[in-house]
Amino acid sequence: VVLRNGTVVARSKPLQHYFDCPLQFGAFPEYVEATDTADMADTYSIPLMPGDVIVAGSDGLWDNTYDAEILAAAPRAPEE
């Protein structure tokens, strides 16, 4: 997500095959057929501004926190 002035201004879509099955980049393809690769990921181009905060996390973050909790924990841009 991209945070600006205490609000979420951009968010990626969930990277999952189906409910409760996120993409798994850490598996070993020589042992597991279901290994995902980086070329399966989405790319985004989001215009940023000074003071924006980018929050990147795994499903462990997004499955267990609400936007309000992330916003409360994020650093704030200094007042100009």
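Heads up: these notes are all about the structure in this document. (Residues numbered from 1 in each chain as written. Predicted model: local features only at pLDDT ≥ 70, side-chain atom pairs only at ≥ 80, totals over all residues. Heavy atoms only, no water.)

Now for the overall build of the protein. When you go through the protein residue by residue, the secondary structure sums to two helices and five strands. Start at the N end of the protein and walk to the C end: the helices and strands fall as β-β-β-β-β-α-α. Put simply, the protein has 80 residues, and 19% of those count as buried. Only carbon and sulfur atoms are counted for the fraction: they give 56% of the accessible area of the protein, which is about 6,600 Å². (Helix = DSSP H or I, 4+ residues; strand = E, 2+ residues; numbered from the N terminus. Buried < 20%, exposed > 50% of the residue type's maximum accessible area, 1.4 Å probe, protein only. Areas by Shrake-Rupley, 256 points an atom, 1.4 Å probe, with all protein chains shown as cover.)

With that out of the way, let us pick up unusual backbone geometry. Backbone phi values are negative for most residues with the exception of glycine, while trans is the configuration of most peptide bonds. If you check the backbone angles, N5 has positive phi at about 50° while not being a glycine. By the element assignment, N5 lies in the loop between β1 (2-4) and β2 (7-10). Take N5: its relative accessible area is 76%, and that puts it in the exposed class.

Two orientations exist for strands paired in a sheet by backbone hydrogen bonds: parallel and antiparallel. Pairing in this open sheet of three strands is antiparallel, and the strands run β2-β1-β5 from one edge to the other. The strands lining the two open edges of the sheet, one partner per strand, are β2 and β5 (53-54). (Pairing = 2+ DSSP bridges.)

Before going further, it helps to examine the environment of Q24. Within the fold, Q24 resides in the loop between β4 (21-22) and β5. A relative accessible area of 42% places Q24 in the partly exposed class. Between the alpha carbons of Q24 and D36 there is a distance of 5.5 Å; along the sequence they are 12 residues apart. Sequence-distant contacts of Q24, that is, excluding residues within four places in its chain, are made with T35 and D36. (Contact = heavy atoms within 4.5 Å.)

A few words on the environment of P47. Inspection of the secondary structure puts P47 in the loop between β4 and β5. Considered as a pair, P47 and V2 are 45 residues apart in the sequence and their alpha carbons are 9.9 Å apart. Each residue touching P47, except ones within four places of it in the same chain, is listed here: R4 and D52.

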